[in-house]
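# Descriptive structure summary
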Amino acid sequence: MLSPQDQLTELVRALETDQHVFATDPLLITEKLQSEDGTPIQKLHRRASRIDSNGALARVLGKIDGRIKGIMIVMSVVWCISGFLGLFTLLQSNVVNFFYVLVCLLGFHTIMLGGWLVMTLINRDQQAPSWFASFVSPSYLIRGKDDVTKAAVDLYERQLQHSGMRWYLGRFSHQLWLATLTGMLLAIIFLLIVRQYSFSWESTLLSDQALVSLTQILGWLPSMVGFDVPDSTAIAQSRLVTEAMPLSVARQWAGLLVGSLLMYGIVPRAIAWVFCALMFRRKKMRLDIKQPYYQKIINFWQRHVVDADDFTETPAPVAPKAAVSAGKKLVALLEYPSNQDKWWQSGLDDSQNFEPSEDIENFGIVDDREDMARLKDYLDKHPVQVLLGIHSKALPDRGTLRKLDQIAAHAKNGLIVQLLSDADLTLEDEPVDKQTVRYQQWQTALSARKIGLVDIDS
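Let us look at the structure shown here. Quick caveat: nothing in here was measured; it's all calculated off a predicted structure. (Residues numbered from 1 in each chain as written. Predicted model: local features only at pLDDT ≥ 70, side-chain atom pairs only at ≥ 80, totals over all residues. Heavy atoms only, no water.)

### Section: the pairing of strand S3 (residues 329-334)
The buried fraction of S3 is high, at six of six residues. With burial as the criterion, each face of S3 is covered, one bearing Lys-329, Val-331 and Leu-333 and the other bearing Leu-330, Ala-332 and Leu-334. Pairing geometry for S3 and strand S4 (residues 360-366), over six bridges, is parallel. Looking across to S4, one finds that Ala-332 is bridged to Gly-364. By the bridge criterion, five bridges tie S3 to strand S5 (residues 385-391) in an arrangement that is parallel. Residue pairing for S5: Leu-330 is matched across the bridge by Val-386. (Buried < 20%, exposed > 50% of the residue type's maximum accessible area, 1.4 Å probe, protein only. Helix = DSSP H or I, 4+ residues; strand = E, 2+ residues; numbered from the N terminus. Pairing = 2+ DSSP bridges.)

Structural data, given as structure tokens:
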């Protein structure tokens, strides 16, 4: 899967492509990062974190990731308990057949481990099975119909289809086997502490010498790491045992049983787990900064003047001058209130087409959906020119511009905009350079939409 920083960056890309309205304007963050140091990846991570200033996107990603990991932890605990109970049930008799218990412990495990190794060598670049993606699909783990949740679910499902996820699945399967074997090991240690066992062996098809040789071969690796294993005499004494055997001999067989579980079960499975973890890290999904979305941002950051003598500054877009038409007007404020009762007078008094006696409908503030619905209904029924008052510090983000486009579409006699200065509204002071940048942003937005701007002489 992607790293948490890459996931957040990719989620921001998906949401911004779908015209999502963020807590912080992406345009402003992108412009500010142009002057900061760092590699493109670092700056993209920084950009995504700042756009998600309220942490809403990170919380959704963290919730999905936490629930997936929670399922894996719960399954590991269940597998560990099942291994403990299975071996606890198997060792109820005081006299046990050593090879029968050993086959129950490691027989199926060894077959599955060998099968996994063969399939790994045959299908090196195979994707993870589709059932795994369906099993841990975030759509089953989190409910929500909002844009953020849907985009986060799509992001995780795309990651589950990545070819590197086969190593993630392998690591998870080895984790469950390790949990099972650990449960068995705990059960063996517990039972050997509280009970005294006698170990025997017997066979119909194999000769006694074959079983003695097999036992010695099995005991070689555990003995190398310090486990006490039965010698030839102890092996011979244990054939067809039906009663309690000497404690020293029983301890040798117990050491061989525990050592075999560790050296032939847990250690190989742990090596396989580490191998899958390393391969998953190597094949891990990376952020593709070659996508047009990221390339556009990176190219903007890398744009600079090489030689001042050869540089020709591109003129900034300027909104067209507002043309005030004759007839009834509707005045409204976009999102922010005004201190002046007739704030529009400064924009209309100097117009040659405007007569003070003409009717002016003061709509008030347009903010939420109800206000927009009421305004559009009025404009559909009355042919008026709309004068919209917007504070110069208001963000020209997608949500605000969407409202502007809707008003322009319903205003039959046109829409003009008047940017209100700090003296008009009760907002905290802002540095002059930021006011200039914001004013130019509005000029650019209005120029692109060919919406007239009321020119107020200072």
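### A word on the sheet that holds S5
Reading across from one edge, S4-S3-S5-S6-S7 is the order of the five strands in this open sheet, with parallel pairing throughout. A single partner strand is all that each edge strand has here, and the edge strands are S4 and strand S7 (452-453).

### Points about the nonpolar core
Grouped together as the largest cluster of nonpolar side chains are 43 residues, with contacts concentrated most on Leu-11, Val-12, Leu-15, Leu-57, Leu-61, Ile-64 and Ile-68. Taken together, the elements giving at least two residues each to this core come down to helix H1 (4-17), helix H2 (26-33), helix H3 (40-51), helix H4 (56-90), helix H8 (147-160), helix H9 (165-194), helix H12 (247-282) and helix H13 (292-301). Look past the residues within four positions of Leu-11 in its chain and what remains in contact with it is Leu-57, Leu-61, Val-148, Ala-151, Ala-152 and Leu-155. Grouped together as the second largest cluster of nonpolar side chains are 36 residues, Leu-102, Leu-178, Ala-187 and Ala-250 included. (Core = buried A, V, L, I, M, F, W, Y, C linked by side-chain atoms within 4.5 Å. Contact = heavy atoms within 4.5 Å.)

### Re the pattern of salt bridges
Counted according to the given criterion, the structure contains twelve salt bridges. Asp-377 serves as the salt-bridge partner of Lys-381, at 3.4 Å between the closest nitrogen and oxygen. Separated by four residues within a single helix, Lys-381 and Asp-377 lie in helix H15 (residues 369-381), roughly one turn from each other. Overall, Asp-377 belongs to the partly exposed group, its relative accessible area being 39%. (Salt bridge = Lys/Arg side-chain N within 4 Å of Asp/Glu carboxyl O.)

### Details of the packing of H1 against H3
Angle between the axes and distance between the axes: these two values describe a pair of packed helices. H3 packs onto H1 with a crossing angle of 65 degrees between their chain directions and a minimal axis gap of 9 Å. Here H1 lies roughly perpendicular to H3, going by the angle between them. Regarding H1 and H3, the two cross each other, and that crossing is left-handed. Residues Gln-5, Asp-6, Leu-8, Thr-9, Val-12 and Glu-16 of H1 lie in contact with H3, whose contacting residues are Leu-44, His-45, Arg-47, Ala-48, Ser-49 and Ile-51. (Axes fitted to C-alpha atoms, helices over the stretch in contact; angles between N-to-C directions. Parallel < 35°, antiparallel > 145°, perpendicular 65-115°, else oblique. Left-handed = near helix turned anticlockwise from the far one by under 90°.)

### Focus on the environment of Gln-252
With respect to the helices and strands, Gln-252 occurs in helix H12. Expressed as a C-alpha distance, the spacing of Gln-252 and Ile-235, which sit 17 residues apart in the sequence, is 9.7 Å. Filtering out sequence-adjacent residues up to four positions away, Gln-252 remains in contact with Asp-228, Val-229, Pro-230, Asp-231 and Ala-234.

### Here's the deal with H15
Residues three or four positions apart in an α-helix share a direction because the helix packs 3.6 residues into each turn. The terminal C-alpha atoms of H15, which comprises 13 residues, lie 19 Å apart, in line with the 18 Å expected from a rise of 1.5 Å per residue. Listing the buried residues of H15 in full gives Asp-371, Met-372, Leu-375, Tyr-378 and Leu-379. What you see down the axis of H15 is that its buried residues fit within an arc of 130 degrees, all on one side. Opposite its buried face, H15 presents the exposed residues Arg-369, Glu-370 and Lys-381, each directed more than 90 degrees away. Those residues of H15 hidden inside the fold are in contact with S3, S4, S5 and helix H16 (398-410). Near the N-terminus of H15, the side chain that reaches the backbone nitrogen of Glu-370, with its oxygen 3.3 Å away, is that of Asp-368. (Expected span 1.5 Å × (residues − 1). Arc of directions from axis to C-beta. Polar contact = N/O pair within 3.5 Å; in protein donor to acceptor, adjacent residues only side chain to side chain.)

Nothing here speaks to function; it is all geometry.
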